[in-house]
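Summary of the model geometry
Chain by chain, the residues run as shown.
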Amino acid sequence: IKDSTKKQEYEAKLDAIKKIIGDQHQTTPSTPTTPSVGNEYAKVNYNNFKWTTYKQKTGPLLEYYDNPVTYFVYGPENVSDLNGVSLPLIVWLHGRGEIGTSGNILGSGLFKVVSEWSKYSLDTIPAIIVAPQTPEQGWGHERNFKTIKALISYAKDKYNIDSSNITLMGHSMGGSGVISISREMQDTYSALVIMSAGSGTSVVKYADYFSKIKMRGFAESNDYKYFFTSAKRESDFVLYSGVSHGGIPQKAMTEDTNKDGISDLIYWLYGEKSKVKTQQSSASSGSGNSSGTGGSSSSSGSSSSAPKANPITDHVDIDAVNSKLASVVKSSGLYTREAVVAVATTLVSELDSYGYYIPYQLGGMYHRGKAWGLNPEWGTVIEHKGKMVLSGLDCRNFVIWTFRQAGLSLKRGLMYDSEAMISKRGDNKYSDISMGKPGDTIDAPAHLMLIVKNNGSSYTVAESNGVGRVRIFDWTYDKLRADGYNVYNMDGIYNNTAALCPLVAADRPYSGSCHIPKSEFPAYYGF
């Protein structure tokens, strides 16, 4: 069965039938010598997985192709370590910086991430990985196609690969290679992962293919979104603002939004079977539990792309944190820069102490009446613009929320203003990007941040970032300049002299004041 979803459904039904038959014929209870494990991926011995390098025209690939380029294989030397399990296959295409034949590229991209996987405290990647090294610009050379085909054949023969679960993945030049190679080998791949690359040239001719295949994209800039927009797959594109170009593979591979020890990308690819450590732990205890913890599953297989709920109410004492926020506002002084910064830093540090963070959600708001304090909906799955998403805050609404907790009202719409609207917004752009003070904002059309500290060559900021969370982070001046950011003086909001303050108010003009009256604060502030 080539369709992985149908295969999973069939296997689940078959297992259920076998259990019924076994129960009917078992007259004497017996204790199995090896505890049963519902997730077969957990039966594999991953301790002996390692990278092996084969130079040009050498190694086992010669049996499949007489002119292979340098290539790498990640898996066990002894197939007995697989315990008869058919694992998925990942084919990795490197970027321009790794062009060559030396084979000395294990310290970059996916190679580096996989080699250092244990330091991320995440479950093992339950897959065999093969990766060619191209000696020329681009992946379009015929020998690259032949090498990739040979690698897949070799992996299938040696490791009994699950042919219905082969992912083509690449970064930068390799991401472009994913697009071009997959369209020529459409019956080969079950999923595509495109990092920091994208071209619309393939979409029109192959629109039907790219509109249906399982696909995910990651990049540091919206410049790479064009391919996904053209393919009408915008929701499958993940923007990691602030992450370097070379850092995208590490970020994409290790992001764990749910903090359950499973990489989001690996869970998206393999669903419940990604829970290798959980399953092995269950086996060793003899429980035979195949459900694991966190996430969700269904027989349809759709859960791997669904958001995973991590409700704030299940992890955080909301009343205690809200009281702490009110306390730092009162001690810092209402309507002050100090109070706004204290709110941002206290929020992050308090939630960190609970092992929780507010998730990033594009379009995510504090939700009107819940604009004060922590929103109980954060971390739950909600419907937003016709899609089921994980409730959280986007960058602009996080900054607005932070100001509000200190008694300062900003109108959401005006935070997107062009240069012509700055004077009406009540702040002024600094002539030099280095002049910002704590409590000022850093703004660009695609992102807004609050300055926590000016370090002399960088800013410590509070932001809700596309990397997936509300966080405290450092941005260098050079990076901000390169990415087109400006820094704005927010004095007009703090001292209540901003032009058109009635337009700045979020809900009503407050008699022309940017300051929210004490009577509007929730009871736990104690005013």
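Residues numbered from 1 in each chain as written. Predicted model: local features only at pLDDT ≥ 70, side-chain atom pairs only at ≥ 80, totals over all residues. Heavy atoms only, no water.

**Thoughts on the environment of S241**
- Within the fold, S241 resides in the loop between β8 (237–239) and α7 (248–254).
- You can call S241 buried: its relative accessible area is 13%.
- Placed 21 residues apart in sequence, S241 and E220 show a C-alpha to C-alpha distance of 5.1 Å. (Helix = DSSP H or I, 4+ residues; strand = E, 2+ residues; numbered from the N terminus. Buried < 20%, exposed > 50% of the residue type's maximum accessible area, 1.4 Å probe, protein only.)

**Quick look at the sheet that holds strand β16 (residues 486–489)**
- One open sheet holds the six strands; their spatial order is β11-β16-β12-β13-β14-β15, and the pairing between them is antiparallel. With one partner strand each, in any of the chains shown, β11 (428–429) and β15 (469–476) form the two edges of the open sheet.
- Here four bridges tie strand β13 (residues 447–454) to strand β14 (residues 458–465), and the two strands are oriented antiparallel to one another. Counterpart to N454 in the pairing with β14 is Y459.
- Of the strands in this sheet, β13, β14, β15 and β16 touch helix α11 (residues 337–353), which is tilted by about 115 degrees from β15.
- Along the sheet, helix α12 (residues 395–405) makes contact with β12 (441–444), β13, β14 and β15, crossing β13 at roughly 50 degrees. (Pairing = 2+ DSSP bridges. Contact = heavy atoms within 4.5 Å. Axes fitted to C-alpha atoms, helices over the stretch in contact; angles between N-to-C directions.)

**A word on the side chain of E220**
- Mapped onto the elements, E220 comes out in the loop between β7 (214–219) and α6 (226–230).
- A polar side-chain atom of E220 sits 2.8 Å from a polar atom in the side chain of S196.
- A distance of 2.7 Å separates a polar atom in the side chain of E220 from a polar atom in the side chain of H245.
- E220 has contacts with S196, L239, Y240, S241, V243, H245 and I248, leaving out every residue within four places of it along the chain. (Polar contact = N/O pair within 3.5 Å; in protein donor to acceptor, adjacent residues only side chain to side chain.)

**Concerning the sheet that holds strand β4 (residues 128–132)**
- Read across the open sheet, the eight strands follow the order β1-β2-β4-β3-β5-β6-β7-β8; overall the sheet is mixed. The outermost strands of the open sheet, each flanked by one partner alone, are β1 (50–54) and β8. In this sheet, adjacent strand axes meet at a mean angle of 15 degrees when their direction is disregarded.
- Relative to strand β6 (residues 191–195), strand β5 (residues 166–171) runs parallel, the two being bridged by five bridges. Among the inter-strand pairings, H171 is bridged to a residue of β6, identified as M195.
- Relative to the sheet, helix α3 (residues 142–159) contacts β2 (71–75), β3 (89–93), β4 and β5, its axis offset from that of β4 by approximately 155 degrees.
- Helix-sheet contacts for helix α4 (residues 173–184) involve β3, β5 and β6, and the interaxial angle to β5 is about 140 degrees.

**Digging into the environment of A191**
- Tracing the backbone through its elements, the reader meets A191 in strand β6.
- In this structure A191 comes out as buried when scored by relative accessible area, which is 3%.
- Those residues in contact with A191 that sit more than four places away from it in its chain are I166, T167, L168, I213, K214, W268 and L269.

**Comments concerning empty space enclosed by the protein**
- Counted under the stated rule, the structure contains four cavities of 30 Å³ or more.
- Lining the largest cavity are K50, T52, Y54, V73, G75, P76, E77, Y154, K158 and Y159.
- Listed by contribution, the elements that provide at least two residues to the lining of the largest cavity are β1, β2 and α3.
- Partitioning the lining of the largest cavity into residue classes produces five nonpolar, two polar and three charged. (1 Å grid on protein atoms, 1.4 Å probe; cavity = no way out; pocket = protein on both sides within 12 Å on 5 of 7 lines; lining within 4 Å. Points joined across faces, edges and corners; volume = space filled by probe spheres on them. Nonpolar A, V, L, I, M, F, W, Y, C, P; charged D, E, K, R; others polar.)

**Focus: helix α10 (residues 318–332)**
- For α10, which comprises 15 residues, the first-to-last C-alpha distance of 21 Å matches the rise-based estimate of 21 Å (1.5 Å per residue) to within 8%.
- Listed as buried for α10 are I318, V321, N322, L325, A326, V328 and V329. The arc enclosing the buried residues of α10, seen along the axis, measures out at 160 degrees, which places them on a common side. Exposed side of α10, more than 90 degrees from the buried face: D319 and S331 are the residues found there.
- Elements that come into contact with the buried residues of α10 comprise α11 and α12.
- Two residues or fewer after α10 comes G333, characterised by a positive phi angle close to 105 degrees. (Expected span 1.5 Å × (residues − 1). Arc of directions from axis to C-beta.)

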